[in-house]
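Close look at the chain arrangement
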Amino acid sequence: PPAAPVAAAPDEPTHAQAKLRTMKIYLGAETLDTELALNSEEIQTGMMFRTNILETDAMLFNLRYPQQAAFWMKNCPESISVAYITTDGVIQEIHHLEHNDTNNVIAARSDIVFALETKEGWFARHNIGVGTVIQSEKGPLADVFLRRQ
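For the structure given in this document, a descriptive report is provided here. (Residues numbered from 1 in each chain as written. Predicted model: local features only at pLDDT ≥ 70, side-chain atom pairs only at ≥ 80, totals over all residues. Heavy atoms only, no water.)

Helix and strand content of the protein: three helices and ten strands. The linear arrangement of helices and strands in the protein, starting from the amino end, is β-β-α-β-β-β-β-β-β-α-β-β-α. Reported as C-alpha extents along the three principal axes, the dimensions of the protein are approximately 40 × 35 × 30 Å. Sorting the 149 residues of the protein into buried and exposed places 45% on the buried side. Between the centroid of the 12 positive side chains of the protein and the centroid of its 19 negative side chains there is a distance of 6 Å. (Helix = DSSP H or I, 4+ residues; strand = E, 2+ residues; numbered from the N terminus. Buried < 20%, exposed > 50% of the residue type's maximum accessible area, 1.4 Å probe, protein only. Lys, Arg positive; Asp, Glu negative; His and termini not counted. Charge placed at Lys NZ, Arg CZ, Asp CG, Glu CD.)

Glancing now at the sheet that holds strand 1 (residues 22-27). On the basis of which strands lie adjacent, the open sheet formed by eight strands has the order 6-5-8-3-2-1-9-10 and mixed pairing. Looking along the sheet, the strands with just one partner apiece sit at the ends: strand 6 (91-97) and strand 10 (139-140). Pairing of strand 2 (residues 30-37) with strand 3 (residues 58-67), which is carried by three bridges, proceeds in the parallel orientation. Bridging across to strand 3, L36 finds its partner in L60. (Pairing = 2+ DSSP bridges.)

Relative to the helices and strands, V144 is located in helix 3 (residues 141-146). The spatial distance from the C-alpha of V144 to the C-alpha of G131 is 20 Å, given a sequence separation of 13 residues. Among residues more than four places away in sequence, those in contact with V144 are M23, S136, K138 and G139. (Contact = heavy atoms within 4.5 Å.)

Here we take up the layout of surface pockets. If you add up the space inside the largest pocket, you get close to 360 Å³. Here the lining of the largest pocket gets six residues from one element, more than from any other, and that element is strand 3. The class makeup of the residues in the lining of the largest pocket is 13 nonpolar, six polar and two charged. Its volume calculated, the second largest pocket comes out at about 160 Å³. (1 Å grid on protein atoms, 1.4 Å probe; cavity = no way out; pocket = protein on both sides within 12 Å on 5 of 7 lines; lining within 4 Å. Points joined across faces, edges and corners; volume = space filled by probe spheres on them. Nonpolar A, V, L, I, M, F, W, Y, C, P; charged D, E, K, R; others polar.)

Take the pattern of salt bridges next. Inspection of every chain in the model, using the stated rule, returns three salt bridges. One salt bridge in this structure joins R109 and D111, with 2.7 Å as the shortest N-O distance. (Salt bridge = Lys/Arg side-chain N within 4 Å of Asp/Glu carboxyl O.)

Take the nonpolar core next. The biggest cluster of nonpolar side chains holds 23 residues, and the ones touching the most others in it are L27, I85, L116 and F145. Residue assignment for this core shows that the elements contributing at least two residues are strand 1, strand 2, strand 3, strand 5 (80-86), strand 8 (112-119), helix 2 (122-125) and helix 3. Grouped together as the second largest cluster of nonpolar side chains are 20 residues, M47, I53, A69 and V82 included. (Core = buried A, V, L, I, M, F, W, Y, C linked by side-chain atoms within 4.5 Å.)

Taken across its seven residues, strand 5 has seven buried, putting it largely inside the fold. Neither face of strand 5 is open: one carries I80, V82, Y84 and T86, the other S81, A83 and I85, and all of them are buried. Bridging between strand 5 and strand 6 involves six bridges; their strand directions are antiparallel. Bridging across to strand 6, I80 finds its partner in L97.

Turning our eyes to something else, we now look at the pairing of strand 1. Alternating residues of strand 1 divide into M23, I25 and L27, all buried, and T22, K24 and Y26, none buried. Pairing analysis gives six bridges linking strand 1 to strand 2, with the strands arranged antiparallel. Bridge pairing links L27 to E30 in strand 2. As paired elements, strand 1 and strand 9 (residues 134-136) share three bridges and run antiparallel to each other. By the bridge assignment, Y26 is partnered in strand 9 with Q135.

Take a look at the structure:
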């Protein structure tokens, strides 16, 4: 059974956020209509408290600058998969994130600018691996998200 939600600190989310605006992204032959987590609140909340994550559900996080990304699953009742992505839109790492795990899953690299969360196992089921380049319907991720900052 899912663990009970962990008590929130004063600045932490307490409920799922409404569906965010979306944009199509392309991973090889696959297309995802992906929610965009762009500001600090959207990034911090992510998929917290969401249940019934579907095969078509995905969220792209714009971390704004290269970093050693770290994601956790506090108050996430379903396990998911995450891809850590560099500025050039290339998937560098794919990790399993266990539901309600409060330990960070830290990227091995310090140049991660985007993260893509999907239903658990999505990348493997769709033969998407490290080295796959992600494009958006508006062009390369860096052109869409980083050039205007």
